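Here is how the chains run, residue by residue.
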Amino acid sequence: MTDPTVTIAGREIRPGERSRVDIPLPNLYTTTPVFMPVHVIQGRRPGPRLFITASVHGDEINGVEIIRRLLLQKALRQLRGTLLAVPVVNVYGYVRQSRYLPDRRDLNRSFPGSDKGSLAARLAATLISEVVDGSTHGIDLHTGAIHRENLPQIRATLSASDAMPALAKAFETPVILDAEVRPGSLRAAAVARDIALLLYEAGEALRFDEFAVRAGLRGILGVMRHLGMIRATHARRTIAHEPLVAHASIWVRAQQSGVLLSLTPLGAHVNEGETLGIITDPFRPVDEPVLAPVSGIVIGRTNLPLVTEGEALYHVACFGAPEAAAALLEQYRDSLDPDDEEETVII
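No experiment lies behind these values; they were computed from the predicted model shown.

(A) Local environment of the environment of phenylalanine 208. As for its placement among the helices and strands, phenylalanine 208 is situated in the loop between β10 (196-204) and α6 (210-226). With relative accessibility at 56%, the residue phenylalanine 208 sits in the exposed group. Between the C-alpha atom of phenylalanine 208 and that of asparagine 62, which follows or precedes it by 146 residues, the distance is 5.4 Å. Once residues lying within four places of it in the same chain are set aside, the contact partners of phenylalanine 208 are Ile61, Asn62 and Glu65.

(B) Spotlight on the pairing of strand β15 (residues 275-280). Pairing of strand β13 (residues 258-262) with β15 involves 4 bridges; the strand directions are antiparallel. Looking across to β15, one finds that leucine 260 is bridged to isoleucine 279. As judged from the 5 bridges shared by β15 and strand β16 (residues 287-291), these two strands associate in the antiparallel manner. Opposite threonine 280, over in β16, you have aspartate 287 as the bridge partner. Between β15 and β16, which pair antiparallel one after the other, the connecting turn spans 6 residues.

(C) Up close: the sheet that holds β13. Taken in spatial order, the 4 strands line up as β16-β15-β13-β18 in an open sheet, and their pairing is antiparallel. Unpaired on one side and paired on the other, β16 and β18 (306-307) mark the two borders of the sheet.

(D) Summary view of helix α3 (residues 119-132). In this model, α3 (14 residues) spans 18 Å end to end at C-alpha, consistent with the 20 Å of a helix rising 1.5 Å per residue. Taken across its 14 residues, α3 has 10 buried, putting it largely inside the fold. Tucked into the core, α3 has its buried residues touching β3 (18-25), β4 (34-42), β5 (45-54), β6 (80-86), α2 (91-95) and α5 (186-192). Two residues or fewer past α3, glycine 134 is found with a positive phi of approximately 95°.

(E) How the structure looks around the layout of surface pockets. Empty space within the largest pocket amounts to approximately 630 Å³. Taken together, 24 residues make up the lining of the largest pocket; nearest its centre are Arg99, Arg109, Arg155, Arg182 and Glu201. If you list the elements that add at least two residues to the lining of the largest pocket, you get β8 (148-156), β10 and β12 (248-253). Considering each element in turn, the lining of the largest pocket owes the most residues, 3 residues, to β8.

(F) Geometry of the side chain of glutamate 60. Here glutamate 60 lies in the loop between β5 and α1 (62-70). Aside from chain neighbours lying at most four places away, what touches glutamate 60 is Ser55, Arg99, His142, Thr143 and Gly144.

(G) Up close: the environment of methionine 164. With respect to the element layout, methionine 164 can be found in helix α4 (residues 164-170). For methionine 164, a relative accessible area of 4% puts it in the buried group. Expressed as a C-alpha distance, the spacing of methionine 164 and glutamate 130, which sit 34 residues apart in the sequence, is 24 Å. Once you skip the residues sitting within four places of it in the chain, methionine 164 turns out to touch Ala156, Thr157, Leu158, Ala196, Leu197 and Leu198.

(H) Highlighting the pattern of salt bridges. Counting across every chain of the model gives 13 salt bridges. A salt bridge links aspartate 22 to arginine 20, with the shortest nitrogen-to-oxygen separation between them at 2.9 Å. Exposure remark for aspartate 22: the relative accessible area of 31% places this residue in the partly exposed category. Salt bridges linked by common partners bring Glu65, Arg68, Arg69, Glu210 and Arg214 together as one network.

Conventions and cut-offs
Residues numbered from 1 in each chain as written. Predicted model: local features only at pLDDT ≥ 70, side-chain atom pairs only at ≥ 80, totals over all residues. Heavy atoms only, no water. Helix = DSSP H or I, 4+ residues; strand = E, 2+ residues; numbered from the N terminus. Buried < 20%, exposed > 50% of the residue type's maximum accessible area, 1.4 Å probe, protein only. Contact = heavy atoms within 4.5 Å. Pairing = 2+ DSSP bridges. Expected span 1.5 Å × (residues − 1). 1 Å grid on protein atoms, 1.4 Å probe; cavity = no way out; pocket = protein on both sides within 12 Å on 5 of 7 lines; lining within 4 Å. Points joined across faces, edges and corners; volume = space filled by probe spheres on them. Salt bridge = Lys/Arg side-chain N within 4 Å of Asp/Glu carboxyl O.

Coordinates in, geometry out; function isn't part of it.
Now the structure itself:
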């Protein structure tokens, strides 16, 4: 349980209050002021302190819409604990429609940062000091890179704590990727502070994906119910099977340059040796099949057909029973049908 009063950028938010705090950041070179808005909802009763971040990569915008819809939920009226929601962390990249900061640094390789370092280091340090420190849990919302699409999935280091597997399953994605943290990432900084953080991946950069948005919103609400922050009576009907955990994944790369004719959609179950796509040559009659090196589920793929040798084309997660994973995914898609929307979800 946390201190009932939250202080952000020198402003105190007390139990029962709801406010938006604009954290000042370094100005643009035009002297235009820049702020990182943080939505703070303080429950009247004590509980966990959960932060949710989006657009750490400035062009990954699905999370912005997920947080907008989250803040409209009626369930938050009876919140226990504290919710800190940051729709746009990398404000500089967001306004430039860029993954990176103006100096081309990747913010998600710059944590925990320093208030005397680069722009990326200063932004990272600000997020850590104002939002992350003092939190008990976190959810970081991401998408695939530009021209690359991800299936809804949770990435977490399940061995980080005894509570982590149950927390990851509460998000209810069909796939959980048990992945080690990357140095300099927000997830690494959270783990170093004993904060349980889930990374949600879904969709593509610079695109709104309705399926990914609905899945992300439902996942956050599921985690909040699991933590006791909102009432369990607001739950949707759950999936019949538990999410499947992949302890390994592999990127299938182009063995030659050319034009990719993709034959495999996201979520497809593939067998080792199966043809995922064909790389053609617009100048010579040469076709190169792209073969699956392992059996598994396609959790990511490129959407750009123009490929260069060595480029990542398909991301395949490995499971003990890929057929079961494929069946679970189909059930998961059905459960997110827009005609079956939960009453508590306001769009």
